[in-house]
Structures are given as structure tokens and as C-alpha cells.
Amino acid sequence: MELEATNKATLTNRMEVLKHLQSIDNRLIEFTKKKETLLAALEKRRAQVQQRKELLAQKQKESKDFQKETDGKELEHKCLEEEIKKSRGKLFQIKNNKEYTALLSEVGSKEADKSVLEDEILSMMSKLEGLRVEEKELEKEIQGEEKELSAYAGSVEAELEVLGKETLGHQKQWKENADLLDKEALTQYQRLIEKDGLAVVEVHGEDCGGCNMRLTPQTVNLLLRHQELTLCKNCGKILYLPEQ
Ligand SMILES: [Zn+2]
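Residues numbered from 1 in each chain as written. Predicted model: local features only at pLDDT ≥ 70, side-chain atom pairs only at ≥ 80, totals over all residues.

**Student:** How would you summarise the pairing of strand E1 (residues 200–204) if you had to cite specific residues and measurements?
**Tutor:** Bridging between E1 and strand E3 (residues 238–240) involves 3 bridges; their strand directions are parallel. In the sheet register, Val201 faces E3, and the bridge partner there is Leu239. As judged from the 2 bridges shared by E1 and strand E2 (residues 207–208), these two strands associate in the antiparallel manner. Note on E2: the bridge partner recorded for His204 is Asp207. Linking two consecutive strands that pair antiparallel, namely E1 and E2, is a turn of 2 residues; a positive phi of about 65° is found at Gly205 within it. (Pairing = 2+ DSSP bridges. Helix = DSSP H or I, 4+ residues; strand = E, 2+ residues; numbered from the N terminus.)

Shown next as C-alpha cells:
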């Protein structure tokens, strides 16, 4: 019991330990925020690349569908050509003038259809070519973005590793300092930290540095006596006077 008491901080330097704990906790909170920010930024970039990949998949599907449509038109063209060839063959066998004229007119109309179809196919092929070029460009862009993302992920990982090490170091320091405190002070401190990360505040003039409310004369008296942990009656933070 006696040994424990000598290990604990005396009343006067207990405040110093608490202030130190607060500064360590400030850093730990900062590390946590930094980690969250890094991970959120990485996640955002991953999602961006993913979105681009989805766009590419959509474009690939579009050009595949369009290719099918073009193939259909080409088949149609081939059939029409066959029909024209056959009809032309028949023309030589017809002896009747009327039938000949009728078939000739049919061939003419098919030739006209064929010509329309050819124009259509040409314009489809040129559109298809455009789609393919767009697709290749996007593919190339995505490759670059993925490379950048991977480098970025690597740098985030390195930063997280440093942060992790710093966090461990600070946690060790925290423990060493916490061990110097009596249970009551530590419990009080931790309760406040868990609430909003702020437990120890400086007095500004006669105001609490946590809530900015005017301290009661009783609180100021307690502070001046340096004998016990003094809390703000309004926000409950642990108060200390600025160094002279
Ligand atoms: Zn206060």
C-alpha cells in the first residue's frame, strides 16, 4: 500500500500528468482522424476506378450489340445479292416480253434496296469503328488510373504503418502516465475523454476553457489551493490555472 502511494503522483504534479495525458490523447485522436481520412480517400479513389470500369463494360456491351446488328445487315445484304443474281439468271430464260419487263423492274427495285442497305452498312461500320476507338482510349485511361491507384494505395499503406507505430508509442506513453495517477483521477479523466476527447482545460481569466462559463468563486478558491482535482461545475472538465 505504501509502495503504491509513493509510486503515485503527488497532488501537485498530478495535474502535470493529467495535462500530459491530454496531450497524448490529442495526438491519438489526431492519428485516428488521419487514418480515417486516408482510408476514406483511398476508398473514394477505388470507387472512382470501379465506376470507370463499369463504364467500359457498358461500352463494350454496346459495341458488341452493335456489331451483331451490323452482322445482321451484312447477312441481309448477302441474301439480297443472291436474289438479284438468281433473278438476273432468270431474265435470260424469259421469252415473254411482259414477264421480262416485270422481272427487270423487280431486279431494279432490289438493286435500289441493296444500295440503301450498303449505305446503311457503311455508316454502321464507321460508327462501330468510332465505338472501338473510344473503347480502346477508355481502356488505356483505366490502365493508367489503376496504376496510379495502386501507387496511391502503396503510399497510404506506408503512411498507415507509420501512424500505427506512432500510435503504439503514444499508447505506451499513455499507459506509463496513467499508471502514475490514482484511480479516482484516472477514472474521472477517462470518463471525460470518452465523452468528447477533452478532459483537461486551462482557465482563461475566470472562465472555464472548456465551456467558457464564468467559474464560481468557490471553484477559483479550490484551484488556488492546489489540493484536489477541481472540476468545472458547468461542464465537468478538469481545470488548471495557466502557468504564471
Ligand atoms: Zn466548463
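**Student:** How would you summarise the domain arrangement of the protein chain if you had to cite specific residues and measurements?
**Tutor:** Here the protein chain is partitioned into domain 1 (2–198) and domain 2 (199–244). A straight line from the C-alpha centre of domain 1 to that of domain 2 covers 53 Å. Secondary structure elements with two or more residues in the side of domain 1 that touches domain 2: helix H2 (11–93) and helix H4 (183–196). The element contributing the most residues to the side of domain 1 that touches domain 2 is H2, with 6 residues. Class assignment of the residues belonging to the side of domain 1 that touches domain 2 gives a composition of 8 nonpolar, 3 polar and 1 charged. (Domains from an automatic or database assignment. Nonpolar A, V, L, I, M, F, W, Y, C, P; charged D, E, K, R; others polar.)

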